[in-house]
Amino acid sequence: MAATSGAVLNGLCSSFLCSGKRSQALLGAKVSPSPAGGARKFAVVAAAASKKSWIPAVKGGGNFIDPEWLDGSLPGDYGFDPLGLGKDPAFLKWYREAELIHGRWAMAAVVGIFVGQAWSGIPWFEAGADPGAIAPFSFGTLLGTQLILMGWVESKRWVDFFNPQSQSVEWATPWSKTAENFANATGEQGYPGGKFFDPLSLAGTIQNGVYVPDFDKLERLKLAEIKHARIAMLAMLIFYFEAGQGKTPLGALGL
């Protein structure tokens, strides 16, 4: 019985199923001996959480419905990968990074489009060319500055992706007196936390001047963020179709 329980636990805690911190916690099953009869009996007191499906109440369907390469450890993982893009773990990691970054830009863009048009009355797709738009510099200056600054920031993110925490050094952050402000406080790719990236301490606390991550809060925020990010990307896609017809989001809402 002990050997059987050990085999079950080893299977549950394989690298495939336990790739995420929350999965490791959920699958951290414990065993306890039974005092009755002197016989050593073991019971599994924790089990793996069931995987969620992107098509509720549908069972089966093979890898189209329940891909074997998605174990549910990623935030917002509902098994949606009909093209099999995440079969390679390296590609899966990169696609999640890309989804996260694009989603964050989309959330910022959606807010900017609504606020910008509500403030100026100029459609978002005409704001750059409208003479009434508030712009202290020319379009060429804006484009050049953005290419230089964004190129620098994105190149650092690219390097950090392949060599984590390689950019938290003094020479990589020349305006900061300490590289600690830009270090990865959580140890998780894409979620650096810390005083600079989490100034409101939404996913951690400041103890004796040091940022300490709260991983329970972080997990909840990661799920909330990826859900809002996906909605924002869909919203931007709709905005593009509306712009092709000369419409704006506020106009479509009758505002």
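Residues numbered from 1 in each chain as written. Predicted model: local features only at pLDDT ≥ 70, side-chain atom pairs only at ≥ 80, totals over all residues. Heavy atoms only, no water.

As annotated in an unreviewed UniProt entry, the protein chain carries the name Chlorophyll a-b binding protein, chloroplastic and comes from Hibiscus trionum. Among the UniProt annotations of the protein chain, the heading Function (unreviewed entry) holds the following wording: "The light-harvesting complex (LHC) functions as a light receptor, it captures and delivers excitation energy to photosystems with which it is closely associated." (UniProt positions renumbered as here; feature names shortened; annotations may be inferred.)

**Q** Mind showing me how you'd approach the UniProt feature "transmembrane region" (unreviewed entry) in the protein chain here?
**A** The positions UniProt marks with the feature "transmembrane region" (unreviewed entry) are residues 105-122 and 134-153. When the span residues 105-122 is considered, its composition is 89% helix and 0% strand, and the gap between its end C-alpha atoms is 21 Å. (Helix = DSSP H or I, 4+ residues; strand = E, 2+ residues; numbered from the N terminus.)

**Q** How do you make sense of the nonpolar core when you look at a structure like this?
**A** Soluble globular proteins tend to bury their nonpolar side chains together. In terms of nonpolar packing, the biggest core is built from 7 residues, these being Ala-106, Val-110, Ile-113, Ala-232, Ala-235, Met-236 and Phe-239. The set of elements that each furnish at least two residues to this core consists of α3 (89-120) and α6 (215-244). Looking at which element gives the most residues to this core, the answer is α6, with 4 residues. Core analysis: the second largest hydrophobic core is formed by 6 residues, Leu-100, Tyr-211, Leu-218 and Ile-226 among them. (Core = buried A, V, L, I, M, F, W, Y, C linked by side-chain atoms within 4.5 Å. Buried < 20%, exposed > 50% of the residue type's maximum accessible area, 1.4 Å probe, protein only.)

**Q** Is there a simple way to explain a nonpolar patch on the surface in this structure?
**A** Judged by side-chain polarity, Phe-137, Phe-139, Leu-142, Leu-143 and Leu-147 come together as a nonpolar surface patch covering roughly 520 Å² of accessible area. The topology assignment puts Phe-139 in helix α4 (residues 139-162). (Patch = residues over 30% accessible without salt bridge, like charges linked within 9 Å, V, L, I, M, F, W, Y side chains within 5 Å. Areas by Shrake-Rupley, 256 points an atom, 1.4 Å probe, with all protein chains shown as cover. Salt bridge = Lys/Arg side-chain N within 4 Å of Asp/Glu carboxyl O.)

**Q** Please clarify how the UniProt feature "binding site: chlorophyll b" (unreviewed entry) in the protein chain should be interpreted in this entry.
**A** Following the UniProt record, one finds the feature "binding site: chlorophyll b" (unreviewed entry) at Arg-104. Considering the arrangement of structural elements, one finds Arg-104 in helix α3. What Arg-104 contacts, discounting residues up to four positions off in sequence, is Gly-190, Tyr-191 and Glu-225. (Contact = heavy atoms within 4.5 Å.)

**Q** When you look at the packing of α3 against α6 in this model, what are you seeing that I'm missing?
**A** Two packed helices can be described by the angle between their axes and the distance between those axes. Direction vectors running N to C along α3 and α6 enclose 60 degrees, while the axes themselves pass 7 Å from each other. Considering the angle they form, α3 stands oblique to α6. As α3 packs across α6, the resulting crossing turns out to be left-handed. Listed contacts from α6 to Arg-96, Glu-99, Leu-100, His-102, Gly-103, Arg-104, Ala-106, Met-107, Ala-109, Val-110, Ile-113 and Phe-114 of α3 are Glu-225, Ile-226, His-228, Ala-229, Arg-230, Ala-232, Met-233, Ala-235, Met-236 and Phe-239. Residues belonging to the contact of α3 with α6 are distributed by class as follows: 14 nonpolar, 3 polar and 5 charged. (Axes fitted to C-alpha atoms, helices over the stretch in contact; angles between N-to-C directions. Parallel < 35°, antiparallel > 145°, perpendicular 65-115°, else oblique. Left-handed = near helix turned anticlockwise from the far one by under 90°. Nonpolar A, V, L, I, M, F, W, Y, C, P; charged D, E, K, R; others polar.)

**Q** In this structure, what is going on with the pattern of salt bridges? I would like to understand it.
**A** When their charged atoms lie close together, side chains carrying opposite charge are able to pair. Counted by the stated rule, this structure contains 7 salt bridges. Its salt-bridge partner being Arg-230, residue Glu-99 comes within 2.7 Å of it at the nearest N-O pair. Within this pair, whereas Glu-99 is found in helix α3, its partner Arg-230 is found in helix α6, the two being separated by 131 residues in sequence. We classify Arg-230 as partly exposed; its relative accessible area is 26%. Of the charged contacts, one joins Lys-222 and Glu-188 as a salt bridge, the two residues approaching to 2.5 Å between their closest N and O atoms. Taken together, the positions of Lys-222 in helix α6 and Glu-188 in the loop between α4 and α5 (194-197) put the pair 34 residues apart, joining distant regions of the chain.

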